[in-house]
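Below are the chains, spelled out letter by letter.
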Amino acid sequence: MQNGRHLSLSAGHGPAPDLQRRRLLALAGLAGAAPALLSACAGASPGATAAPPTPASALQAYPPMAPGAESGADAAVHRQIQALGRGINFGNIFDAPREGDWGLRADDSLIDLVGEGRFTRSVRLPVRWSNHASTDAAARIDEAFFARVERTVDRLLARGASVLLNIHHYRQLDGDPLDPGETPVDPAVVDLRFLALWVQIAERFANRGPALMFEIYNEPHGRLEPLWNDLLSRALRVIRRQNPTRVVVIGPTEWNSARALPRLVLPADRFVSLTVHHYEPFRFTHQGAEWVSPRLPLGVDCCDAPQRAEALALLDQAAADGRRRNHPVLVGEFGAYSKAPLEARVRYLRFMRDAMEARGLPWMAWELASGFGIYDPVAGRMRPELFDALFGA
Ligand code: BGC
């Protein structure tokens, strides 16, 4: 239960200098995969589903934002992102192939932990829409799933929470192997589906207040490396049709690493915030993680001077990039997996919290109630050491 993800193989963060975090090949899953999946893989690494970029002509229904110099962010966006303060990811719920596959559901027992008067009012809600939508270019979102996510968003908003809703783990978009239970789509519609998902999400939530924010895509990497600036610009334009001033959060490639910020091109839009994810020192935070290949050895401590320097350099880079562009920066994920020694996790979390706050960076810990989690859903209580390290005095 603690790690509801033991059967899953998930995308990663990286690359640490000598360690490109890669998904394991889901060989078992592939053995049972449809021929369509195998043909979708042609030319890619075994098990991957890398589709060629969609030609611009096919994307013409989704034009990019008008070209223009980056604009910096509105003062209200700076204030809103800053006010997120200390937040939490509702991870391993809707980002699993199906809700419940990784051991957690969006039950009220979790929702009621956050909101006004609780330990946090800032929630990131990762959602794997791609696995709940038709496989054609229209990517029609399954109504029961849509309603389920919507109910969760609305309950969180009603509790006074700020909610960052995203698209998470659209495996083919990154060219990653699919998870068990996922259906491959025609490579020609991969990017179109992503934009069609945003058409529906942006329309469905257009009348919510500013406490609902959108994040265009979690941790772009792999196939998206050369495509991301173009695709995010098209997605932002879709969102802006009905959400002209809603805060939209955008991160760089390399799994949202600050290292890739220099390559990120933001459209001229004053209601955008930057985001980065931060899992350095990776050999510490991901020791024993089943979804990292090769599996990293256990027993790594934290945080000596070189480890601290590695972590701080990336935070400094993120903060400096935000200052240069005049956009706020949210650290949307960081954390250490439960296989790391508990005392070291506590030291790492407190170190990270202090370091981010010293740099004026609001943050959202990965995650609430699963393998990295601060809350034990079986015992129905916080894990006190982890909770205090992040949210204690
Ligand atoms: C991924 C999760 C993963 C976590 C830590 C997140 O971005 O979505 O699947 O557990 O990073 O590796």
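See the structure above.
Conventions used here
- Residues numbered from 1 in each chain as written.
- Predicted model: local features only at pLDDT ≥ 70, side-chain atom pairs only at ≥ 80, totals over all residues.
- Heavy atoms only, no water.
- Helix = DSSP H or I, 4+ residues; strand = E, 2+ residues; numbered from the N terminus.
- Core = buried A, V, L, I, M, F, W, Y, C linked by side-chain atoms within 4.5 Å.
- Buried < 20%, exposed > 50% of the residue type's maximum accessible area, 1.4 Å probe, protein only.
- Contact = heavy atoms within 4.5 Å.
- Axes fitted to C-alpha atoms, helices over the stretch in contact; angles between N-to-C directions.
- Left-handed = near helix turned anticlockwise from the far one by under 90°.
- Nonpolar A, V, L, I, M, F, W, Y, C, P; charged D, E, K, R; others polar.
- Pairing = 2+ DSSP bridges.

Chemist: Describe unusual backbone geometry, and please don't skip the residues or the numbers.
Modeler: That bond from E280 to P281 is cis: its omega, 0 degrees, falls within 30 degrees of zero. Looking at where P281 falls in the secondary structure, it is placed in the loop between β6 (272–277) and α10 (282–285). Backbone geometry at N92 places phi at a positive 65 degrees, although glycine is not the residue there. Checked against the element boundaries, N92 lands in the loop between β1 (86–89) and α4 (108–111). Even without being glycine, E254 reaches a positive phi, approximately 55 degrees.

Chemist: Can you lay out the nonpolar core for me, pointing to particular residues and giving the numbers?
Modeler: Of all hydrophobic cores here, the largest spans 101 residues; its most connected members are F90, W129, L165, F194 and I216. For this core, the leading source of residues is helix α7 (residues 190–204), giving 9 residues. In contact with I216, other than residues within four places in its own chain, are I167, F194, W198, W228, L232, A235, L236, I239, V248, V249 and I250. Listed in part, the 10 residues of the second largest apolar core include V77, L84, L164 and L330.

Chemist: Which residues make up the packing of helix α11 (residues 305–325) against helix α12 (residues 342–358), and what values do they have?
Modeler: For the pair α11 and α12, interaxial distance at closest approach is 10 Å and the crossing angle is 35 degrees. In terms of crossing hand, the pair formed by α11 and α12 is right-handed. Contacts between α11 and α12 pair R308, A311, L312 and L315 from the former with F351, M352, A355 and M356 from the latter. Looking at the contact of α11 with α12 residue by residue, the class counts come to 7 nonpolar, no polar and 1 charged.

Chemist: Go over the pairing of β1, please, and point to the residues and values.
Modeler: Bridge count for β1 against strand β8 (residues 363–365) is 3 bridges, and the pairing is parallel. Paired with G87 across the bridge in β8 is M364. Pairing geometry for β1 and strand β2 (residues 122–125), over 2 bridges, is parallel. Residue pairing across strands places N89 opposite R124, the latter belonging to β2.

By themselves, these observations are geometric and do not establish any function.
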